Amino acid sequence: MSILVRDAERQDVPTLVRLRLANAERHVELDPTIYRVPDAEVVHRHFEEVLAADSEALIMVAELSGDVVGMAEVIVLADPPAHQILAARRAAEIHTVVLDGHRGEGVGSALVIAAERAAAERGVSILYAGIFAPNRGAVRFYSSAGFGPRGILLSKEQGPPAD
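Think of each chain on its own: its residues are numbered from 1, step by step along the sequence as written. It should be noted that, the model being predicted, local features are given only for residues of pLDDT at least 70 and side-chain atom pairs only at 80 or more, the latter also being counted only at that level, while totals for whole chains, interfaces and linings use all residues. Heavy atoms throughout the structure, all of them, feed into the side-chain values; hydrogens and water do not.

Helix length check: helix α3 (residues 107-121) (15 residues) gives 21 Å between terminal C-alpha atoms against 21 Å at 1.5 Å per residue, within 8%. Every buried residue of α3 is listed here: V107, G108, L111, V112, A114, A115, A118 and A119. Contacts are residue-level and defined by heavy atoms, with any inter-residue pair within 4.5 Å sufficient. The way it works is that DSSP assigns letters per residue, a run of H or I at least four long becomes a helix, a run of E at least two long becomes a strand, and they are numbered from the N terminus. In this fold, the buried residues of α3 make contact with β1 (3-7), β2 (58-64), β3 (67-76), β4 (91-98), β5 (126-128) and α4 (136-144). Multiply 1.5 Å by the residue count of a helix minus one, and that product is the helix's expected span. When accessible area is computed with a 1.4 Å probe and restricted to protein chains, residues below 20% of their type maximum are described as buried, those above 50% as exposed, and intermediate ones as partly exposed.

Written as structure tokens, this is what we have:
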């Protein structure tokens, strides 16, 4: 089966919403304290706005036999401000979703390759795939696509301020 990767179009919005919500449900199963299922209407509005606007965001979809079975969203990040120590490099986050029944068929890899190419055409020199620790499958997937550690993101849960 041949995988077609193309830019998302406005008529893809309902499918993009379905992909985002399916991905959210899978993540909530991993850890409901980190992830949530967003409101479908809010997700719908997001994709409508991104695809209608002259946005820096890039959304690609993967089709198998005419059905959209995956997506990659690339979100270009702002350059570090001049007062910070990070070197200015055009960077972006990548988020990839493949429907459960189509994992292991090369869909995710095709999406990442196409997204890397499209991001490079827009001057992006580094892609980040932010993954929380419970998502070992995503770590394996992005590692197999050539992504590697670039530091450690530490976090600390905070309670409400003390009176």
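Now that the structure has been shown, the text picks up again.
Time to look at the layout of surface pockets. A 1.4 Å probe that fits but cannot get out identifies a cavity on a 1 Å grid over protein atoms alone, an open set with protein on both sides within 12 Å along at least five of seven lines counts as a pocket, and a residue lines either if it has an atom within 4 Å of a point. Grid points are joined across faces, edges and corners, and a volume is the space filled by probe spheres set on the points. Put simply, the second largest pocket is a space of about 270 Å³. Contributing to the lining of the second largest pocket are L77, A78, D79, P80, L86, A87, R89, A91, I126, Y128 and R150. Polarity classes work like this: nonpolar for Ala, Val, Leu, Ile, Met, Phe, Trp, Tyr, Cys and Pro, charged for Asp, Glu, Lys and Arg, and polar for all others, with Gly in that last group. Residues belonging to the lining of the second largest pocket are distributed by class as follows: eight nonpolar, no polar and three charged.

Our focus in this paragraph is the nonpolar core. The nonpolar side chains of a soluble globular protein tend to be buried, and buried together. By convention a nonpolar core is built from buried Ala, Val, Leu, Ile, Met, Phe, Trp, Tyr and Cys residues, the set being connected through side-chain atoms within 4.5 Å. By size, the foremost hydrophobic cluster in this structure holds 23 residues, and its most contacted members are M60, V74, I94, V107, L111 and L127. For this core, the secondary-structure elements that each account for two or more residues are β2, β3, β4, α3 and α4. Counting residues per element, this core draws most heavily on α3, at seven residues. Counting 15 residues, the second largest nonpolar core, distinct from the first, contains V17, V43, I59 and V68.

Moving on, we come to the packing of aromatic side chains. Stacked, edge-to-face and tilted are the three classes for Phe, Tyr and Trp ring pairs, Trp counted by its six-membered ring, which pair at centre distances within 6.5 Å; planes under 30 degrees apart are stacked, over 60 edge-to-face, the rest tilted. A complete count under the given rule lists three aromatic pairs for this structure. A centroid spacing of 6.0 Å and a plane angle of 85° characterise the contact between Y35 and F132, whose relative ring orientation is edge-to-face. Of this pair, Y35 sits in the loop between α1 (13-30) and α2 (40-52) while F132 sits in the loop between β5 and α4, and the two are 97 residues apart along the sequence. Classification of Y35 as buried rests on a relative accessible area of 17%.

Turning to the environment of V50, a few remarks are in order. For V50, the position within the fold is in helix α2. Measuring from C-alpha to C-alpha, the distance between V50 and R10 comes to 9.3 Å, with 40 residues separating the pair along the chain.

We now examine the sheet that holds β1. Here the rule is simple: two strands pair whenever DSSP picks up at least two bridges between them. Strand order in the open sheet formed by five strands is β1-β2-β3-β4-β5, and the pairing between neighbours is mixed. The open sheet has two edge strands with one neighbour each: β1 and β5. Adjacent strand axes in the sheet meet at a mean angle of 25°, parallel and antiparallel pairs treated alike. Relative to β4, β3 runs antiparallel, the two sharing seven bridges. From the neighbouring strand, V76 faces β4, where its bridge partner is A92. Every axis corresponds to a line fitted to the C-alpha atoms, with the helix fit spanning only the stretch in contact, and the corresponding angles, defined between N-to-C directions, vary from 0 to 180 degrees. Its contacts with the sheet place α1 against β2, β3 and β4, and it is angled at close to 80° to β3. Packing against the sheet, α3 makes contact with β1, β2, β3, β4 and β5, and its axis sits at approximately 145° to β2.

Attention now goes to the confidence of the model for the chain. The predictor attaches a confidence to each residue, called pLDDT, with possible values from 0 through 100. When pLDDT is averaged across the chain, the result is 91; 98% of the residues are at 70 or more. The least confident element of the chain, judged by mean pLDDT, is α4 at 92; the most confident is α3 at 96.

Another point: the packing of α1 against α2. Contact pair α1 / α2: the axes reach a minimum separation of 9 Å and the direction vectors enclose 130°. With respect to α2, the element α1 is oriented oblique. In this structure, α1 crosses over α2, and the sense of that crossing is right-handed. Facing V13, L16, V17, R20 and L21 of α1, the residues of α2 in contact are A40, V43, H44, H46, F47, E48 and L51. Grouping the amino acids of the contact of α1 with α2 by side-chain chemistry returns eight nonpolar, two polar and two charged. Angles below 35 degrees are treated as roughly parallel, those above 145 as roughly antiparallel, those between 65 and 115 as roughly perpendicular, and all remaining angles as oblique. Handedness of a crossing is defined here by the sense of rotation of the near helix relative to the far one, left-handed for an anticlockwise turn of less than a right angle and right-handed for a clockwise turn.

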